[in-house]
Amino acid sequence: MKNRQNKFVICLLCLIFPLFSCGIEDYFYLYPVPLGNIQSRLNSTVSIALPNINLQEFYYFTHFAIYYRIYISDRTELGTIQLSQSTLSGINPALSSDYFAIYPYTTTNTQNSQVNTSISAFFRNRNYYTLALENADIENDILASSSLGRTLEIDFAPMQTGRRYPFLSINGQTYNLFRSNNNGGFNPLPDRYFVNTSQLYDRQNATSAINADVADNNIPLSIHTYVSMYIVVSGIDSNFSPINSIPTFIGIFSLPGF
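An account of the accompanying structure is given in this report. (Residues numbered from 1 in each chain as written. Predicted model: local features only at pLDDT ≥ 70, side-chain atom pairs only at ≥ 80, totals over all residues. Heavy atoms only, no water.)

1. Notes on the overall build of the protein chain
Argument step 1. When its secondary structure is counted, the protein chain shows five helices and twelve strands.
Argument step 2. Considering the protein chain as a whole, with its 258 residues, one finds that 45% of them fall into the buried category.
Argument step 3. Within the protein chain, contacts between residues separated by at least 24 positions form 67% of all contacts whose residues are at least 6 apart in sequence.
Argument step 4. Carbon and sulfur atoms form 50% of the exposed surface of the protein chain, whose accessible area is close to 13600 Å². (Helix = DSSP H or I, 4+ residues; strand = E, 2+ residues; numbered from the N terminus. Buried < 20%, exposed > 50% of the residue type's maximum accessible area, 1.4 Å probe, protein only. Contact = heavy atoms within 4.5 Å. Areas by Shrake-Rupley, 256 points an atom, 1.4 Å probe, with all protein chains shown as cover.)

Put into structure tokens, the structure is as follows:
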């Protein structure tokens, strides 16, 4: 009985005096972007309401990260892309393989309670890279703490006169989307814009040295490209190690051509 009372007193002290660790280490957790915060329109635009994270509680939050991969296809999808195995495989077998491999770790899977602190490596193993912006630092500026509570829009709509490239807009500012080059690890062709061109859907360019962010589909005369995207809430723990939320699926979008 005495031992029980001692344990009770210790637990009570831990609640009353949280500054003393009582042998319990800090637990770092970041809530994901709710799936309901993402609204897609057809297969060309999406708006994402970024959560208003309490920085006093989640002081280790640093930014939102968007992961993407591009897929070559011989199919034209005009409307919202259905997330069935037959539809995704029809676009590109690698798209179906990636989507269903990532699915168990996302907010789309309502039974998922896993937090993957190595989410960057997890995505990289499937050749997903982080989205960049032209002439802007997406992680340290655009999608850092100043973006909390704001709504961002990503637009892949067909290009019109006076507007050439797909873009991200937030807080009244617009930025051209930029593909990754993995800090110089590969050299994307024809450039870093998200535009469907002959060099982007050229199967011979879908290599680790050139278009490492593009998946071939092994079908001749494939002239379409699609991009699949996920958003993650990211931070740094007390050991300066990255911590990430569960990924939230953004959608699959058709890249516009010239």
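2. Things to note about the pairing of strand S12 (residues 248-254)
For a regular strand, the rule is simple: side chains alternate between the two faces of the sheet.
Argument step 1. Of all seven residues in S12, six are buried; the element is thus mostly enclosed.
Argument step 2. Judged from the six bridges that link them, strand S10 (residues 224-236) and S12 form a sheet pairing that is antiparallel. In the sheet register, Tyr 226 faces S12, and the bridge partner there is Ser 254. (Pairing = 2+ DSSP bridges.)

3. Remarks on the environment of Ser 97
Argument step 1. Among the structural elements, Ser 97 can be located in helix H3 (residues 93-102).
Argument step 2. Looking at Ser 97, the relative accessible area reads 39%, which means it is partly exposed.
Argument step 3. With twelve residues separating them along the chain, Ser 97 and Gln 85 place their C-alpha atoms 8.7 Å apart.

4. Concerning the pairing of strand S7 (residues 167-170)
Argument step 1. Burial of the side chains of S7 extends over both faces: Phe 167 and Ser 169 are buried on one face and Leu 168 and Ile 170 on the other.
Argument step 2. Relative to S7, strand S6 (residues 151-155) runs antiparallel, the two being bridged by four bridges. Each residue of the ladder has a partner; that of Glu 153, found in S7, is Ser 169.
Argument step 3. Of the strand pairs in this sheet, S7 and strand S8 (residues 173-178) are connected by four bridges, and their pairing is antiparallel. The residue of S8 that forms the bridge with Phe 167 is Asn 176.
Argument step 4. Counting the residues that bridge the hairpin from S7 to S8 gives two residues, and of these Asn 171 lies at a positive phi of roughly 55 degrees.

5. A word on unusual backbone geometry
Outside of glycine, negative phi angles account for most residues, and trans bonds account for most peptide bonds.
Argument step 1. Across the junction of Leu 189 and Pro 190, the peptide omega takes the value 0 degrees, indicating a cis bond.
Argument step 2. When you line up the elements, Pro 190 lands in the loop between S8 and strand S9 (214-215).
Argument step 3. We note that Asn 171 has phi near 55 degrees; this positive angle belongs to a residue other than glycine.
Argument step 4. Mapped onto the secondary structure, Asn 171 falls in the loop between S7 and S8.

6. Here we look at the nonpolar core
Argument step 1. In this structure, Phe 64 and Met 229 are the most contacted members of the largest nonpolar core, which totals 43 residues.
Argument step 2. Going through the elements one at a time, strand S2 (45-49), strand S3 (61-73), helix H5 (138-142), S6, S7, S8, S10 and S12 are the ones with two or more residues in this core.
Argument step 3. Counting residues per element, this core draws most heavily on S3, which supplies six residues.
Argument step 4. In contact with Phe 64, not counting residues within four places along its chain, are Val 33, Leu 50, Pro 51, Ile 53, Leu 143, Ser 147, Leu 148, Ile 231, Val 232 and Val 233.
Argument step 5. Grouped together as the second largest cluster of nonpolar side chains are 19 residues, Ile 81, Ala 215, Tyr 226 and Tyr 230 included. (Core = buried A, V, L, I, M, F, W, Y, C linked by side-chain atoms within 4.5 Å.)

7. Regarding the packing of aromatic side chains
Argument step 1. Within the structure shown, the criterion is met by 23 aromatic pairs.
Argument step 2. Between Tyr 68 and Phe 194 the ring centres are 5.0 Å apart and the planes differ by 70 degrees, which places this aromatic pair in the edge-to-face class. On the criterion of sequence distance, the pair formed by Tyr 68 in strand S3 and Phe 194 in the loop between S8 and S9 is long-range, its members being 126 residues apart.
Argument step 3. Members of the aromatic cluster, connected to one another through ring pairs, are Tyr 67, Tyr 99, Phe 100, Tyr 103, Tyr 105, Phe 122, Phe 123, Tyr 128, Tyr 230 and Phe 249. (Phe/Tyr/Trp six-rings, centres within 6.5 Å; stacked < 30°, edge-to-face > 60°.)

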